[in-house]
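Structure assessment
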Amino acid sequence: MLFLSSASAVAQYARIRGTVKDAATSSALPEVEVFVQKTNYTTQTDADGNFDFIPQVPPGSYTLVLRKSGYLSLTIPVNLIPDQELVLEYLPLEIDLAEANEQITIISLSDVQLNDDNEQRDNAVSGLLGATNDVFSNAAAFDFSSTFFRPRGLDSKYSRVLINGLVLNKFNTGRPQWSNWGGLNDVMRNREFSMGLTASDYSFGAPAGTLHFNMHASSYRPGGRISYATANRTYTGRVMASYNSGVTASNWAYSVLVSRRFGPEGAIDGTFYDANSLFFAAEKILSETHCINLSFLYTPNRRGRSTALTQEVIDLKGYTYNPNWGFQNNEARNARVRAIKEPLVLLSHHWQLGKQASLQTNLGYQWGTTKNSRIDYTGSTLVSNPNGQEHFVGGARNPAPNYYQNLPSYFLRYPNPSAVQYQQAYLAEQEFRNDGQLDWQALYEANETAVRSGLNTIYAIQQDVNQDQLFTGNIRYKAQMSEHFDINFGVYGSALQSAHYAELDDLLGGNVWLDIDSFAEDDNTTGGDLAQSDLQNRNRLVQPGDRYKYNYGIAARQIGTFAQLEATYNHLDFYAALSAEQTSYQREGYYENGYYPGALSLGKSAPVRFTSLGAKAGITYKFNSKHFALLNAGFLEQPPGFNTVFTNARQRNAILENPQSERLIDLDASYIYRGSDLKLRLTGYLLNFTQGSEVSYFYTQSMQTPLIDQGNALVQESTTHIARQNLGLEFGASYSILPTLTLKAAAAFGQNMYTQNPQVYYTTTLAETAIRFGDGSVKLKNYHVAGGPERAYQLGFDYRDPDFWWLGASVNRFSNAYVDVSYLRRSGAFSSDYDGQAFNDYTAKVAQELLKQEQLDAYYLVNIVGGKSWRVKSYTVGFFGLLNNALNTRYKTGGFEDSRIGDYRSLLEERARDTPLFGNRYFLGYGATFYLNFYVRF
């Protein structure tokens, strides 16, 4: 009886299978999502475009939905009869030209925004959000990102970026390096973004979200594309060609892309752009259950860089001024150039373990260099007296044209300037207004004069080089355990060997360079030892291509695991995940530094290890097909990058005192409405950070301790126990007033604050021990955390005509951006004189005014985007363009206080001046910029 009952039950199910193809080319479409609406039955097409529902579906009337990115969804009513098979032999999917063009726009915008010239701007996370269809996320991706707005106030080190299952965030900073895949737009459209700590198939996740790029050859739609773009932001031209074979009759697939981006100058003066990109992928489908893919990415690029400016410089030279370049032989030359060459090879194996489970194995190897150039103006010559005592002569003033001693304010720094000083200020102003660029000819002439006098080179170009070798891999198992439960489990590991050194690049007409520290405070008993970069090679003479100044390696290791459970019911979905990770760093010094002899600088440091745990869970309640409520909560720990762990890695093995992983509590709740015309999301979030740490480097005149003569020192500032809180709301809504016209609105309302006073200490070559002021704290509580505007609002529309043209525009308002505060000014050094005693004229009320954090002005930006495409036989021809900041608004996106001066009396003197000597430095937004792209797809 039991046997007959089971047989009868099986007979009450029906089988659905079919084949999905491209309507234009009739080629098979893999990875099409196929699901039965209002049920949990779902599957995906294989490499041949075939799908088969197992387990089988109960009889009845249903709606079958087929969905794939870049194609119009197909909806089919089906009637399933018990014990019968429904075979859908040919299901054609039409290309969604409007969506395809929108995807092109998103990727292109992200590429422009995230390959910017300033390191601080590289921290933006908005570009991740272009992979979603959420209204707020789309606004943040390309309307808000031009202001370097950070969703939820998060730096990109709190995100995870993966390609073919492998995390590619850098060990030194924790951030993804976007230029490693810049210019590969056409092969980066298969992407999946998990917002915040929501469930991700590829990793445990991260507070700023997880973005995964699928770059397997079989995942691309067959065909090719050729495009040309012109712009005026970072590059002026881009040409790109790509071709995807699809899965051939021999079960091979390949994809290839080449592109070039170029421009003598972007929106900022002197910022040239020279980048090439190459991508190749080949995939072999070995059987119905096994396939293997090899991908290769190589995107070498060089960019001229700009810098933050004071208000005095902005008033004299404008918003596009860049002091890093000047003319040499009538050609513009930038002294600060960033060059990156880091090829990446990825190998992936997919094993389908039946219909409900799969095992993915990924391996990656990345190698290459990152170089940042700058002018070294410390060239010296060794001189010995008759007694054999050594001393050094040489060195020069900073040749930067915006150096404070070149500006009018320097000559008017006294309370009652004389007539001569006014004249000097006027001459300096005229010189700076009329020129104000780097004088390459003067550098060459100075070196030639030194050589004629029997001296060594004074000026040279130095390259700060990072040379990495990264091995990474993971294994991920995913299975559908039952009708309601899915499990995802992964283990991963990475090993990095990183070399860091200075390389002499160009002697600028000189002869040889003496490798010593010309700022060393030697006395007669040391014999010049303090000045030595390497005591094992005293007074070394170097030529272009040689290493000098500093030379060390970092070995970084990481191993971890995560497990995730997802459940799906008619009205309730939930997930839960756990993670554990161990990270270790070790420095090895190859030079024995004069200030830190023996094991203090030479050889291996003690290893530093971090164990980081994470847990998260989320629930979605589905009131009906339109109303949803979501709640996510998580706790995680994130280790600092090795740039923070080693406080002065260029010279010594010193480690941050009591290094700890940063702890983060992440909470968010959302209400979502998805109607036929109206769609909206409202989210509230709370992010609480503790145990954070930072290391900064700067020259100051306010190291207020008897250990430092007159307070002048180059210091390392190590800050620990940083606690912050990000609190806010996100809102996005769209309403289709016509089938072709949609109105949209978005808003971000945040507040990012320090919640307690962290600890800070200073180290310098001029003191043997760490320096602390007062109780060792820095008074940061209730100051804002800098990082773009905290509040952003948008109103706009999108029009998409059935004849494949579209137009969109938006008005955006930004406010509540703050300048990053100086920790030194808010330490005990602020109220102390050089002898360590408190200032006798200190007034708390005046001090409060001096330490008030600057809030930047609010501003509006108008953005316009549009395009048109045509179908010509089997070709698609089209263009799209965008105009950002159409009204050419000039604005500041952020900035920081200068720690050159950080004590009460010095700041009083600054405030008394009409123009401060060391005013706040600002990052500036672009004026009106455009991007225009033409393409042919076949």
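Residues numbered from 1 in each chain as written. Predicted model: local features only at pLDDT ≥ 70, side-chain atom pairs only at ≥ 80, totals over all residues. Heavy atoms only, no water.

The helix and strand tally for the protein stands at 10 helices and 46 strands. What you see for the protein is a C-alpha radius of gyration of 30 Å, in line with the 30 Å of a compact globule of 938 residues. Principal-axis analysis of the C-alpha atoms gives the protein an extent of 110 × 55 × 55 Å. Counting contacts in the protein only where the partners sit at least 6 residues apart, residues at least 24 apart contribute 71% of the total. Here the protein contributes 79 positive and 90 negative side-chain charges, whose respective centroids are spaced 4 Å apart. (Helix = DSSP H or I, 4+ residues; strand = E, 2+ residues; numbered from the N terminus. Rg over C-alpha atoms; globule rule 2.2 N^0.38 Å. Contact = heavy atoms within 4.5 Å. Lys, Arg positive; Asp, Glu negative; His and termini not counted. Charge placed at Lys NZ, Arg CZ, Asp CG, Glu CD.)

Here we take up the sheet that holds strand β1 (residues 15–22). Taken together, 3 strands build an open sheet; the order of strands is β4-β1-β7 and the sheet is mixed. Across the chains shown, the open sheet's two edge strands, defined by having one partner strand only, are β4 (50–52) and β7 (85–93). Across this sheet, the average inter-strand angle for adjacent strands is 15 degrees, counted without regard to direction. (Pairing = 2+ DSSP bridges. Axes fitted to C-alpha atoms, helices over the stretch in contact; angles between N-to-C directions.)

So, on to the pattern of salt bridges. Any two side chains of opposite charge can pair, on the condition that their charged atoms come close. Considering all chains together, one arrives at 39 salt bridges under this definition. Put simply, D186 and R225 hold a salt bridge, and the shortest N to O gap is 2.8 Å. Of this pair, D186 sits in the loop between β9 (166–167) and β10 (191–194) while R225 sits in strand β12 (residues 223–231), and the two are 39 residues apart along the sequence. You'll find D186 and R225 in the same group, each marked buried. (Salt bridge = Lys/Arg side-chain N within 4 Å of Asp/Glu carboxyl O. Buried < 20%, exposed > 50% of the residue type's maximum accessible area, 1.4 Å probe, protein only.)

Let us now look at the nonpolar core. Soluble globular proteins: nonpolar side chains tend toward being buried together. Counting residues in hydrophobic clusters, the biggest one holds 37 residues, and the most contacted among them are M703 and Y762. Within the residue set of this core, elements represented by two or more residues are α5 (408–411), α6 (419–434), β37 (713–736), β39 (759–763), α9 (844–850) and α10 (904–912). Grouped together as the second largest cluster of nonpolar side chains are 23 residues, L166, L168, V187 and F193 included. (Core = buried A, V, L, I, M, F, W, Y, C linked by side-chain atoms within 4.5 Å.)

For the rest of this paragraph, the subject is the environment of L211. Inspection of the secondary structure puts L211 in strand β11 (residues 210–213). C-alpha separation for the pair L211 and E192, spaced 19 residues apart in sequence, amounts to 5.8 Å.

This part takes up the packing of aromatic side chains. Taken as a whole and assessed by the stated rule, the structure comprises 40 aromatic pairs. Pairing Y365 with W367 gives two aromatic rings, centres 5.0 Å apart and planes at 15 degrees, and the pair type is stacked. By relative accessible area, Y365 is classed as partly exposed at 25%. Judged by its relative accessible area of 30%, W367 falls in the partly exposed class. When the ring of Y550 is compared with that of Y552, the centres are 6.3 Å apart and the planes differ by 40 degrees; the resulting orientation is tilted. A residue is classified by how much of its surface remains accessible, and Y552, at 7% relative accessible area, is buried. Above the plane of the ring of F628 lies R674, whose end atom (NZ or CZ) is 5.1 Å from the centre. (Phe/Tyr/Trp six-rings, centres within 6.5 Å; stacked < 30°, edge-to-face > 60°. Lys NZ or Arg CZ within 6 Å of the ring centre and 35° of its normal.)

The next point concerns a negative patch on the surface. A surface patch of negative charge is lined by E431, D435, D439, E445 and E448. Assignment of secondary structure puts D439 in the loop between α6 and α7 (440–452). (Patch = residues over 30% accessible without salt bridge, like charges linked within 9 Å, V, L, I, M, F, W, Y side chains within 5 Å. Areas by Shrake-Rupley, 256 points an atom, 1.4 Å probe, with all protein chains shown as cover.)

What follows is about the sheet that holds strand β5 (residues 60–67). With respect to topology, 4 strands assemble into an open sheet ordered β3-β2-β5-β6, the strand pairing being antiparallel. Sheet topology places β3 (42–44) and β6 (74–80) at the edges, where each strand pairs with a single neighbour. Within the sheet, the average angular offset between the axes of one strand and its neighbour, ignoring direction, is 20 degrees. Inspection of the sheet shows β5 paired to β6 by 7 bridges, in the antiparallel sense. Within β6, the position partnered with L66 by the bridge is L74.

With respect to the helices and strands, D833 occurs in the loop between β41 (805–815) and α9. Its relative accessible area of 22% is what places D833 among the partly exposed residues. Separated by 129 residues in sequence, D833 and Q704 place their C-alpha atoms 5.6 Å apart. Residues contacting D833, with those up to four places away along its chain left out, are Q704, T705, F839 and R905.

This paragraph deals with helix α3 (residues 135–142). Of all 8 residues in α3, 8 are buried, a share of seventy percent or more. Along α3, the residues that are buried comprise V135, F136, S137, N138, A139, A140, A141 and F142. Where α3 begins, the capping side chain belongs to D134, and its oxygen is found 3.2 Å from the backbone nitrogen of F136. (Polar contact = N/O pair within 3.5 Å; in protein donor to acceptor, adjacent residues only side chain to side chain.)

Here the focus is the side chain of Q638. On the secondary structure map, Q638 appears in strand β34 (residues 627–638). The buried category is assigned to Q638, whose relative accessible area is 12%. Side-chain polar atoms of Q638 contact the backbone oxygen of K157, separated by 3.0 Å. In terms of polar contacts, Q638 uses its side chain to reach the side chain of R160, at 3.3 Å.

Spacing of three or four residues puts side chains on the same side of an α-helix, whose turn is 3.6 residues. Turning to α10, its buried residues are Y904, S906, L907 and E910. In an axial view of α10, the angular spread of the buried residues amounts to 165 degrees, which keeps them on one side of the axis. Taken together, the buried residues of α10 touch α9. (Arc of directions from axis to C-beta.)

When a strand is regular, its side chains alternate between the sheet's two faces. Two elements, β12 and strand β13 (residues 237–244), share 8 bridges in a ladder whose sense is antiparallel. Note on β13: the bridge partner recorded for R225 is S242. Taking the residues between adjacent antiparallel strands as the criterion, β12 and β13 are bridged by 5 residues. Inspection of the sheet shows β12 paired to strand β46 (residues 929–937) by 7 bridges, in the antiparallel sense. Residue pairing in the sheet places I226 in a bridge with V936 of β46.

With that settled, the discussion passes to a nonpolar patch on the surface. A cluster of nonpolar side chains, contributed by I226, Y243, Y254, F280, W870, V872, Y875, V936 and F938, occupies part of the molecular surface with about 800 Å² of accessible area. Mapped onto the fold, Y875 is located in strand β43 (residues 875–884).

Read these as geometric descriptors, not functional statements.
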